[in-house]
Amino acid sequence: MKYEVIFAGIGGQGVILAGTLLGEAAVASGLKASQTQAYGVSARGGFTKTDVVISDGEILFPYALSPDVVVVLAEEALVRYLDIENKNCKVVYDSGLIDASKYELDSRFVGFPITKTAIEMGSSRSANVLSLGIVASCLKAISTEALFRTLAEAFSPKIRDINAKILQKGIDVGNEIISSC
Amino acid sequence: MKKKVRFMLGNEAIVEGALLAGATFFAGYPITPSSEVAERASRKLPQIGGCYLQMEDEIASIAAIIGASIGGAKAFTATSGPGFSLMQENIGLAIMAEVPCVIVNVQRSGPSTGLATRPAQADIMQARWGRHGDHSVIALSPATVQECFDLMVQAFNMAEKYRCPVLFMADETVGHLRENCVLRSRDEVEIVNRKRPPEGLEEYFPYKADDDLVPPMVTPGSDYLTRFHSSTHNEKGLPTSSPQEARKLIKRLYDKIEKNKDDIIMYREFDVTKCEYLVICFGGAVRAARQAAIEAREEGLSVGVLQLQTVWPFPAEYISEVSKGKRGIIVPEMNMGQIIGEVRKAVPDKIPVLGANRYDGEPLTPKEIIQVLGEVVSL
Amino acid sequence: MSKRSREVSWKAFLREENLPHQWCPGCGYGVILKSMLYAFEKGGIAPKDVVVVTGIGCWGKADDYLYANTVHVTHGRALPVATGIKVANPSMKVIALMGDGDSATIGGNHLIHSSRRNIDVVALVANNLNYGMTGGQYSCTTPLYSRTSTSWYGDPEPALDICRLSETAGASFVARTTVYHAAMIEKYIGMALSHEGFSLVEVISPCPTYFGRYNKLSKAPQMLKWLKEQSIPIERVKDLSEENLKEKFVTGVFADKKGHSFLSRYREIQSRARNELESE
């Protein structure tokens with residue numbers, strides 16, 4: 001069993017944290033995980049992505065060469081994954097932030113207003129948590145209990161409950177995406 | 001007790017390894033992509049009564065860890081290319097004055113400020129030859145987060161054992177990699193501490209070596225007066241211009257590492273002896289190489305991987321031996337080809353040695369190594 | 001430390017096998033070295049209590065003549081090495097012997113930050129106004145328009161005031177005197193040794209061999225007399241015009257402040273860190 005995931009966006013959207021939490025939840029589920037990151041020289045703005053590889057065996061190359069799931073939160077990130085090779089890959093993009101009408105996207109691409117939904121649920125900074133939920137439910141390898149525990153440990157009590165709800169929303173969205181395939 | 005398997009960043013594991021080895025002092029100047037080492041050290045060291053010092057530059061940082069080690073602490077610093085360049089003169093001081101310490105270089109793409117957040121392995125010859133003057137040096141290179149932890153313990157052990165700086169040549173792909181890491185406990189690993197002189201000596205000679213070529217070391221405030229010197233010195237630590245004394249010192253400093261190669265050199269073998277094609281690499285490139293070897297085997301090629309955990313001193317004799325009878329050698333590096341020169345010197349002339357190189361700030365991929373493998377096969 | 005009544009002789013510090021020293025006739029460094037040893041004796045400081053860190057230059061040779069814990073390092077880096085030693089081994093008296101090159105020119109950045117940090121180290125700066133060891137080139141403390149082997153037509157750069165720089169950056173004890181005022185050297189070093197925080201003592205020292213020879217002061221007595229004439233006690237500065245203060249060496253205590261040294265602050269940081277660890 002081996003899964004490759006990419007979270008991509010621009011600096012400040014929390015995509016690297018999403019990858020870290022996914023990896024932590026995978027390790028807490030008894031699996032092996034690796035996470036790499038690519039970002040610009042400054043803390044805000046610029047293309048940012050994180051690759052997460054999850055496996056039940058040793059992970060050699062820690063970059064996602066043939067991702068199973070990609071979540072993109074910015075157009076700058078989407079354009080890099082238009083030519084993705086893997087025929088079974090799911091690319092979930094933030095349809096609230098990205099106008100995808102100018103691209104010819106096949107059925108592997110699914111839009112969902114990720115950031116907008118997170119804001120409506122009470123957190124302007126939790127698009128990454130919703131993304132995490134989508135990916136986790138697409139993979140089916142991560143223990144839901146470990147996922148929620150990892151999330152609870154990562155955030156302050158103030159935001160913990162809202163984020164738990166947003167994570168659940170992400171899981172539901174992920175399940176819908178899978179069932180519609 | 002927190003769970004022992006962590007999903008940990010390479011740079012953080014470096015600090016955890018240092019702490020297990022007994023480090024109590026860090027001095028540094030933050031620089032991408034090594035800053036997480038400084039950040040974690042600044043959080044952890046004060047908790048155990050140790051010290052984190054943020055110095056005015058990298059020159060001061062290496063100077064301060066040399067001072068702290070002389071003062072009796074196990075000390076380390078962390079930097080990347082630009083800072084590593086600034087540290088060179090005082091790495092020479094640590095070599096000459098025989099001060100144990102560990103210098104972490106999380107390599108990034110250069111030269112100069114280069115691509116600050118992107119990986120490279122292009123400082124590996126600088127690690128060997130960055131200082132002026134004749135000397136040998138120890139450099140280790142981790143390929144996994146677990147090795148960031150485990151090899152840091154070894155780095156400190158070697159620094160203490162041989163009274164010398166040890167260069168820890170990580171790179172961005174490993175420093176910024178998160179993966180499973182087991183934090184070992186004190187009783188699981190051997191911790192080496194610097195050798196002390198026997199009590200009751202009539203006179204202590206600060207640079208008089210034992211048979212192992214390493215002089216015992218004294219902490220200020222103990223029974224003997226310490227003496228450390230950056231200039232060519234005699235056994236008393238007094239400067240000398242005598243050619244005999246100079247030769248004796250330079251030879252001993254060189255030999256204490258080169259004659260202990262068997263102890264210092266560490267490597268990992270993946271199908272090395274039975275393979276037809278051998279990939280020799282270190283650090284971040286190892287991951288791509290091992291993946292490439294698996295994929296090539298699926299295509300019916302017999303490929304092994306030799307991972308150099310110790311890059312300096314270079315295991316030339318071993319490589320010379322193990323490469324006999326191979327049909328080709330591939331040396332993948334995230335640089336224009338540095339270690340390949342050492343491999344070529346070691347490998348018998350008739351065996352082709354090809355590099356797989358990347359120097360655009362992107363990590364090497366298995367595909368690129370397989371491509372070069374194809375070239376070697378078709379030779 | 002000064003209250004200790006241990007019997008220590010200054011002679012215990014002298015490495016007689018290496019004497020006589022190699023400093024030129026008329027050089028002030030022998031006077032400064034002996035003053036330091038007197039201050040050790042008076043303070044009850046024994047050779048094993050002190051770490052002497054030296055850099056490069058004529059004054060950097062001082063450790064050759066000493067029985068103490070000595071550390072001879074690269075040019076300009078005595079202060080950061082001393083910083084590491086003191087932090088790792090706080091019970092030691094750590095004293096960095098530096099010339100004008102070591103302390104303020106190549107090592108100027110470390111002087112600023114050691115002062116700001118207020119690290120508990122003594123900086124004993126012997127300022128002979130030029131690079132003596134390499135043949136008398138100008139340094140950052142060479143007086144404006146002075147002739148040296150690299151400023152034959154005059155040094156176009158104004159001199160740096162080491163004491164003012166260190167004081168401004170935050171050093172809590174700063175004093176200057178000259179080799180002419182020999183008794184004050186010992187006194188200021190004594191004050192520095194018992195001070196908590198960064199303490200800097202600058203001693204202007206004659207270099208008749210190079211600086212003197214190039215600037216019509218080649219005889220040792222002549223140069224000492226010049227040091228005397230150029231010195232102005234800090235108390236008198238307020239009465240003098242800027243013009244009258246040009247090229248003068250202001251002597252006396254520039255700063256003597258009680259307060260938080262780096263080590264006392266860092267102990268506070270360590271206890272905060274431990275408290276946070278316990279509350280986790």
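Residues numbered from 1 in each chain as written. Chains lettered and ligands numbered in written order. Predicted model: local features only at pLDDT ≥ 70, side-chain atom pairs only at ≥ 80, totals over all residues. Heavy atoms only, no water.

## Brief notes about the overall build of chain A
Summing up its helical and strand segments, chain A has six helices and six strands in all. Along the chain direction, N to C, the helices and strands of chain A fall in the order β-α-β-β-β-α-β-β-α-α-α-α. Compactness check: chain A gives a C-alpha radius of gyration of 15 Å against a globular reference of 16 Å for 181 residues, within 12% of the reference. Over its C-alpha atoms, taken along the principal directions, chain A stretches across nearly 40 × 40 × 40 Å. Look at the contacts in chain A between residues 6 or more apart in sequence, and 61% of them connect residues 24 or more apart. Summed over its atoms, the accessible surface of chain A is roughly 7,900 Å², and 50% of this surface lies on carbon and sulfur atoms. (Helix = DSSP H or I, 4+ residues; strand = E, 2+ residues; numbered from the N terminus. Rg over C-alpha atoms; globule rule 2.2 N^0.38 Å. Contact = heavy atoms within 4.5 Å. Areas by Shrake-Rupley, 256 points an atom, 1.4 Å probe, with all protein chains shown as cover.)

## A word on the overall build of chain C
Of regular secondary structure, chain C possesses ten helices and eight strands. The C-alpha radius of gyration of chain C comes to 19 Å, within 12% of the 19 Å expected for a compact globule of 280 residues. Its C-alpha atoms give chain C principal-axis dimensions of about 70 × 45 × 35 Å. Sorting the 280 residues of chain C into buried and exposed places 57% on the buried side. Considering only contacts within chain C whose residues lie at least 6 apart along the sequence, 68% involve residues at least 24 apart. Carbon and sulfur atoms make up 53% of the accessible area of chain C, which totals about 11,900 Å². Put simply, chain C has 33 plus and 28 minus side-chain charges, and the middle of one group is 3 Å from the middle of the other. (Buried < 20%, exposed > 50% of the residue type's maximum accessible area, 1.4 Å probe, protein only. Lys, Arg positive; Asp, Glu negative; His and termini not counted. Charge placed at Lys NZ, Arg CZ, Asp CG, Glu CD.)

## Describing helix H2 (residues 35-44) of chain B
Regarding H2 of chain B, the residues found buried are Ser-35, Val-37, Ala-38, Arg-40 and Ala-41 of chain B. Close packing links the buried residues of H2 of chain B with strand E1 (5-9), helix H1 (10-21), strand E2 (23-28), strand E3 (51-54) and strand E4 (74-79) of chain B.

## Concerning the pattern of salt bridges
All names here are of chain B. Per the counting criterion, the structure on display carries 45 salt bridges over all chains. The shortest N-O distance in the salt bridge between Arg-118 and Glu-362 comes to 3.4 Å. With Arg-118 in strand E6 (residues 115-119) and Glu-362 in the loop between strand E16 (353-357) and helix H13 (366-377), the pair connects residues that are 244 residues apart, well separated along the chain. The exposure class assigned to Glu-362 is partly exposed, which follows from its relative accessible area of 35%. A salt bridge links Lys-259 to Asp-255; its shortest N-O distance comes to 3.7 Å. The exposure class of Asp-255 is buried, given its relative accessible area of 8%. Via salt bridges that share partners, Glu-12, Glu-16, Arg-40 and Lys-44 belong to a single interconnected network. (Salt bridge = Lys/Arg side-chain N within 4 Å of Asp/Glu carboxyl O.)

## Considering the pairing of strand E5 (residues 101-109) of chain B
Along any regular strand the residues' side chains alternate between the sheet's two faces. Residue and element names in this part refer to chain B. With nine of nine residues buried, E5 is to be regarded as a mostly interior element. Judged from the four bridges that link them, E4 and E5 form a sheet pairing that is parallel. Following the sheet pairing, Thr-77 is matched in E5 by Ile-103. In this fold, the crossover linking E4 to E5 by way of helix H4 (residues 81-97) has right-handed handedness. Where E5 and strand E8 (residues 165-171) come together, seven bridges link them in parallel fashion. In the sheet register, Val-102 faces E8, and the bridge partner there is Val-166. (Pairing = 2+ DSSP bridges. Right-handed = clockwise from strand over helix to strand, strands pointing away.)

## As for the packing of H1 of chain B against H2 of chain B
All names here are of chain B. With their axes 8 Å apart at the nearest point, H1 and H2 run at an angle of 45° to one another. When the axes of H1 and H2 are compared, the pair comes out oblique. Classified by chirality, the crossing of H2 by H1 is right-handed. Packed against H1, whose contacting residues are Asn-11, Glu-12, Ile-14, Val-15, Glu-16 and Leu-19, the element H2 presents Glu-36, Val-37, Arg-40, Ala-41 and Lys-44 at the interface. For the contact of H1 with H2, a count of residues per class yields five nonpolar, one polar and five charged. (Axes fitted to C-alpha atoms, helices over the stretch in contact; angles between N-to-C directions. Parallel < 35°, antiparallel > 145°, perpendicular 65-115°, else oblique. Left-handed = near helix turned anticlockwise from the far one by under 90°. Nonpolar A, V, L, I, M, F, W, Y, C, P; charged D, E, K, R; others polar.)

## Concerning the arrangement of the chains
Ranked by contact count, the leading pair among the two pairs of chains in contact consists of chains B and C. Regarding chain A and chain C, the two do not touch, and the least distance separating their C-alpha atoms is 13 Å.

## Here's the deal with the nonpolar core
Among soluble globular proteins, nonpolar side chains are generally buried collectively. Among the nonpolar cores identified, the biggest contains 137 residues, and Phe-25 and Phe-76 of chain B together with Val-53 of chain C are the most heavily contacted of them. Sorting elements by how many residues they give to this core places helix H6 (residues 145-162) of chain B first, with eleven residues. Not counting residues within four places of it along the chain, the set of residues in contact with Phe-25 of chain B comprises Leu-45, Cys-51, Leu-53, Ala-64, Ile-65, Ala-68, Ala-73, Lys-74, Ala-75 and Phe-76 of chain B together with Gly-84 and Val-87 of chain C. Val-69, Val-71 and Ala-127 of chain A together with Phe-7 of chain B belong to the second-largest nonpolar core, a separate cluster that totals 40 residues. (Core = buried A, V, L, I, M, F, W, Y, C linked by side-chain atoms within 4.5 Å.)

## Overview of the interface of chain B and chain C
With 40 residues of chain B at the contact, the number on the chain C side is 41 residues. Both faces considered, chain B and chain C share a buried interface measuring about 3,200 Å² in area, 56% of it formed by carbon and sulfur atoms. Three residues, Gln-47, Glu-56 and Leu-225 of chain B, lead the burial of chain B against chain C; their summed loss comes to 20% of the area buried on that side. Across the chain B-chain C interface, the total number found is four salt bridges. With a closest N to O distance of 3.2 Å, Arg-227 of chain B and Asp-63 of chain C form a salt bridge. Counting only elements with at least two residues in the side of chain B that touches chain C, the list comes to E3, helix H3 (58-71), H4 and strand E10 (227-229) of chain B. No other element matches H3 of chain B, which puts eight residues into the side of chain B that touches chain C. In the side of chain B that touches chain C, the residues fall into 20 nonpolar, 14 polar and six charged. Bridge count between E10 of chain B and strand E2 (residues 69-72) of chain C: three bridges; the pairing is parallel. Each bridged residue has a counterpart across the sheet, and for Phe-228 of chain B the counterpart in E2 of chain C is Val-71 of chain C. (Buried area = accessible area lost by both parts, 1.4 Å probe.)

## Some remarks on the interface of chain B and chain A
Contact with chain B, which involves 23 residues of that partner, is made by 24 residues of chain A. Around 1,900 Å² of area is buried between chain B and chain A when both sides are counted, 56% of it from carbon and sulfur atoms. In this assembly, chain B and chain A are joined by one salt bridge. One salt bridge in this structure joins Arg-290 of chain B and Glu-58 of chain A, with 3.0 Å as the shortest N-O distance. One can count ten residue pairs in polar contact (both at pLDDT 80 or more) joining chain B with chain A. The set of elements that each furnish at least two residues to the side of chain B that touches chain A consists of E1, E6, helix H7 (172-175), strand E9 (178-182) and helix H10 (285-298) of chain B. Within the side of chain B that touches chain A, the residues separate by chemical class into ten nonpolar, seven polar and six charged. (Polar contact = N/O pair within 3.5 Å; in protein donor to acceptor, adjacent residues only side chain to side chain.)

## Points about the sheet that holds strand E3 (residues 47-55) of chain A
Pairing in this open sheet of eight strands is mixed, and the strands run E6(A)-E5(A)-E4(A)-E1(A)-E3(A)-E2(A)-E9(B)-E1(B) from one edge to the other. The two strands at the open ends of the sheet, each matched to only one other strand, are strand E6 (109-112) of chain A together with E1 of chain B. The sheet shows a mean angle of 25° between the axes of neighbouring strands, direction not considered. Of the strand pairs in this sheet, strand E2 (residues 32-38) of chain A and E3 of chain A are connected by seven bridges, and their pairing is antiparallel. Within E3 of chain A, the position partnered with Ser-34 of chain A by the bridge is Val-53 of chain A. Against the sheet, helix H1 (residues 15-28) of chain A engages strand E1 (2-10), E2 and E3 of chain A together with E1 and E9 of chain B, with an angle of about 10° to E3 of chain A.

The quantities given are spatial measurements derived from coordinates; they are silent on function.
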